[in-house]
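# Tertiary structure, described
Now for the letters of each chain:
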Amino acid sequence: MAGILYLCATPIGNLEDMTFRAVRILKEADLIAAEDTRNSIKLLNHFDIHTPMTSYHEHNKYEKGAKLVERLLDGEKIALITDAGTPGISDPGEELVRMCHDAGVAVTAVPGAAACITALTISGLSTRRFAFEAFLPTEKKERETVLDILAKEQRTIIIYEAPHRLIRTLKLLAERLGGERRVSVCRELTKRHETVYQSTLLNAASYYETHEPKGECVLIIEGLSRDAVEQEEREKWADMSIEEHMAYYLDRGMERKEAMRKTAKDRGVPKREIYNYLEKNKKDQQQNSNLTG
């Protein structure tokens, strides 16, 4: 009978956030797979956990992952932990979970701290809908593609960043998303010097140029407002006359009544306004035709 993989969340700062269940599972497991064994041994020692440990990280996730799956298929219980937070979120645990599912090995979570959710809930920005981007891509072309998508994102955006790249990233986001877009920069989460700096992207970049950022950062950025999206849509049609706008839909086989409705919606005006304009224009053309006739 196959074993089970436990995704055990660990504290992101304050050790008191370790759950009783996580401690028990780590003690009962046959093996602990850790992203950095040198870092994790401190956690295990603190909670008097003596389970054998092996490394599982970005650079060995395929080779080591295959070996871990073999052990799981032999019936072992393995606990996966990351340096801090929940395994599988922006770390190689995602690959091990996929491999387990492919092999028919059960996977379960031992929930706990996650930096992205912790930061979101204390950010002061909307938590109803959000998009987690993790770290921006390092490759320029891929990063540009992601930024193009984020510029149009209406949900609250969550981005991770290292302190030495924070200013550069804030400036880049201000340039691409708009300097007045609101942001909460969350640092040192759950630790003694936890801070949430609320500002705009542009002002935040200026602030950290004179206040050196320390500790891992989570950026919570407000999404593009619905009003801004609608305004952007209306601006797309601004250079087109109403007649050209109507023709755009009529040429695509749309009925005149529906074309008027769509044109009005695109331009942010009542349908009656489009109808009155077209009728007046029609009468003017008839009068001019009679005069010249």
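The following refers to the structure shown. None of these values were measured; they are calculated from a predicted model.

Its volume calculated, the largest pocket comes out at about 760 Å³. If you go around the largest pocket, you meet 27 residues; those closest to its centre are Ala84, Ala115, Phe135, Tyr160 and Glu216. Residue composition of the lining of the largest pocket, grouped by class: 12 nonpolar, five polar and 10 charged. Space inside the second largest pocket adds up to approximately 310 Å³. When its residues are assigned to classes, the lining of the second largest pocket shows two nonpolar, five polar and six charged.

A sheet is described by the order of its strands in space; here five strands give the open sequence 3-2-4-1-5, paired in parallel fashion. At either end of the open sheet lies a strand with only one pairing partner, and these are strand 3 (53–55) and strand 5 (106–110). Looking at each pair of strands side by side, their axes are set apart by 25 degrees on average, direction ignored. The strands touched by helix 2 (residues 37–46) within the sheet are strand 2 (31–34), strand 3 and strand 4 (77–81), with strand 3 carrying the most contacts at an inclination of about 155 degrees. Seen against the sheet, helix 4 (residues 93–103) touches strand 1 (4–8), strand 4 and strand 5 and runs at an angle of roughly 155 degrees to strand 1.

This brings us to the nonpolar core. In terms of nonpolar packing, the biggest core is built from 20 residues, with Ile159, Leu170, Leu173, Val185, Leu201, Leu219 and Ile221 touching the most fellow members. Secondary structure elements with two or more residues in this core: helix 6 (140–151), strand 7 (156–161), helix 7 (166–177), strand 8 (182–187), helix 8 (201–210) and strand 10 (217–221). With five residues, the single largest contributor to this core is helix 7. When sequence neighbours within four positions are dropped, the list of residues in contact with Ile159 reads Glu133, Ala134, Leu136, Leu150, Leu173, Cys217, Val218, Leu219 and Ile221.

Enumeration over the complete set of coordinates arrives at two cavities of 30 Å³ or more. Here the largest cavity defines a volume of roughly 40 Å³. When the residues that make up the lining of the largest cavity are grouped by side-chain class, the tally is four nonpolar, two polar and two charged. Taken as a whole, the second largest cavity holds about 30 Å³ of empty space. Every residue along the wall of the second largest cavity is listed here: Tyr6, Ile25, Glu28, Ala29 and Lys77. Considering only residue class, the lining of the second largest cavity consists of three nonpolar, no polar and two charged.

Cut-off values and rules
Residues numbered from 1 in each chain as written. Predicted model: local features only at pLDDT ≥ 70, side-chain atom pairs only at ≥ 80, totals over all residues. Heavy atoms only, no water. 1 Å grid on protein atoms, 1.4 Å probe; cavity = no way out; pocket = protein on both sides within 12 Å on 5 of 7 lines; lining within 4 Å. Points joined across faces, edges and corners; volume = space filled by probe spheres on them. Nonpolar A, V, L, I, M, F, W, Y, C, P; charged D, E, K, R; others polar. Pairing = 2+ DSSP bridges. Helix = DSSP H or I, 4+ residues; strand = E, 2+ residues; numbered from the N terminus. Axes fitted to C-alpha atoms, helices over the stretch in contact; angles between N-to-C directions. Contact = heavy atoms within 4.5 Å. Core = buried A, V, L, I, M, F, W, Y, C linked by side-chain atoms within 4.5 Å. Buried < 20%, exposed > 50% of the residue type's maximum accessible area, 1.4 Å probe, protein only.

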